[in-house]
Every structure is written in C-alpha cells, then in structure tokens.
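Descriptive structure summary
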Amino acid sequence: MVHWKVRSIRGATTVENNTIEAVREAVTELLEAIETRNQLDPEEIVSVIFTTTRDIDAIFPAAIARQRPNWQNVPLLDVQQMHVEGGLSKCIRVLLQINTPKLQNEICHVYLKNAKNLRPDWQIASLPLPVQS
C-alpha cells in the first residue's frame, strides 16, 4: 500500500534586473527545474507560495506560474520576503506543497543563480536532470 503525504519543495533564484522579462525567465527556469527533478504532476500540487525581495515588483511570480501547462487550478500566492539588512537581493523564493508517496529525503529542492548560497546543503543544481521517456 502506497501512503501519500503532504510534502514541501523549496526553491529560489535571482534576477539581474527588475523587469517582466527577467522575472518571467527566472520563474520559468525555477519551476521547470523543480517539476523535472521531482517528476512533479501539477495535479499533485496542493498550493504554491512565492516570495520576492522588495526590489522585485515588475510582475507577480504567480501570474507567470498560472501560465504553465495544467497550473490554472493550482492555488498560488505572492508575498514580499521579510527584508533583512545584508540579505540576498533580487531573490524569488518558492514553497510548493505537494501530495506525494515520496519520502522526505527523495524531495529535490532547487536553488539557482545567486540563490545557490542560501542552502548549500541542498545544492543539487549541478546534478544532471533525470532522463524523461
């Protein structure tokens, strides 16, 4: 018997510029990496929370996510990341809650660009992507 649980996937990335194009590219790259590395079906997503640092306001990351195939019914929320002096700037973070039979240690968290330093213990961005059949 397979036991499904609610698990969370974390991820983050950064942008060079506060533009719609830069944010769209970063969010798309991050979500594609999370979906691929976790073999995620959007039907398994419970909800997604995006945070951005206060220097990103060109577009809501959720507006970009909503355009993804089969994401139109996923509950999405955008909030501003708490500002901490000296913290990473131009950063987009994401927390996905999913239903899955996977164990916690099978979840692949994705940190890209300058966000790689946020969780070096979860650094997998250099690992090859799984081959899709």
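Residues numbered from 1 in each chain as written. Predicted model: local features only at pLDDT ≥ 70, side-chain atom pairs only at ≥ 80, totals over all residues. Heavy atoms only, no water.

Moving on: the overall build of the protein chain. Counting its regular elements, the protein chain contains two helices and five strands. What you see for the protein chain is a C-alpha radius of gyration of 15 Å, in line with the 14 Å of a compact globule of 133 residues. Referenced to the eigenvectors of the C-alpha coordinate spread, the extents of the protein chain come out at roughly 50 × 30 × 30 Å. Pairs at least 24 residues apart make up 83% of the contacts formed inside the protein chain by residues separated by at least 6 positions. Element-wise, carbon and sulfur atoms account for 51% of the exposed surface of the protein chain, whose accessible area totals about 7,900 Å². (Helix = DSSP H or I, 4+ residues; strand = E, 2+ residues; numbered from the N terminus. Rg over C-alpha atoms; globule rule 2.2 N^0.38 Å. Contact = heavy atoms within 4.5 Å. Areas by Shrake-Rupley, 256 points an atom, 1.4 Å probe, with all protein chains shown as cover.)

Here we come to the side chain of Thr14. Position of Thr14 among the secondary structure elements: in strand β1 (residues 5–14). The exposure class of Thr14 is buried, given its relative accessible area of 3%. Beyond its immediate sequence surroundings of up to four residues, Thr14 is in contact with Ala26, Leu88, Ser89, Lys90, Cys91, Leu112, Lys113, Asn114 and Ala115. (Buried < 20%, exposed > 50% of the residue type's maximum accessible area, 1.4 Å probe, protein only.)

A separate point is the UniProt feature "binding site: prephenate" (unreviewed entry) in the protein chain. When the UniProt feature table is mapped to this numbering, "binding site: prephenate" (unreviewed entry) covers Arg10, Arg93 and Tyr111. In terms of the greatest pairwise C-alpha distance, the residues named above, spread along 102 residues, form a tight cluster of at most 8.9 Å across. Here Arg93 shows up in strand β4 (residues 91–100). Arg93 sits in the buried class, given a relative accessible area of 13%. Filtering out sequence-adjacent residues up to four positions away, Arg93 remains in contact with Arg10, Gly11, Ala12, Ile49, Phe50, Thr51, Thr53, Gln81 and Leu118. Looking at where Tyr111 falls in the secondary structure, it is placed in strand β5 (residues 110–111). (UniProt positions renumbered as here; feature names shortened; annotations may be inferred.)

In this section: the nonpolar core. Residues Ile45, Val48, Phe50, Trp71, Leu76, Ile92 and Leu96 are the most contacted members of the largest nonpolar core, which totals 28 residues. Sorting the residues of this core by element identifies α1 (20–37), β2 (45–52), α2 (61–65) and β4 as the ones contributing at least two each. At eight residues, α1 tops the list of elements feeding residues into this core. Trp71 has contacts with Leu31, Glu35, Pro42, Ile45, Val48, Ala65, Arg66, Leu76 and Leu96, leaving out every residue within four places of it along the chain. (Core = buried A, V, L, I, M, F, W, Y, C linked by side-chain atoms within 4.5 Å.)

What follows is about the sheet that holds β4. The strand order β3-β2-β4-β1-β5 describes an open sheet built from five strands, whose pairing is mixed. The open sheet is flanked by β3 (76–80) and β5, the only strands paired with a single partner. When β1 meets β4, the two strands line up antiparallel, connected through ten bridges. Directly across from Thr14, in β4, lies its bridge partner Cys91. (Pairing = 2+ DSSP bridges.)

When β1 meets β5, the two strands line up parallel, connected through two bridges. Looking across to β5, one finds that Gly11 is bridged to Val110.

A word on α1. Between its first and last C-alpha, α1 extends 26 Å over 18 residues, near the 26 Å set by a 1.5 Å rise per residue. Buried within α1 we find Ala22, Val23, Ala26, Val27, Leu30, Leu31, Ala33, Ile34, Glu35, Thr36 and Arg37. The inward-facing, buried residues of α1 abut β1, β2, α2, β4 and β5. A positive backbone phi angle near 45° is found at Gln39, which sits one or two residues after α1. (Expected span 1.5 Å × (residues − 1).)

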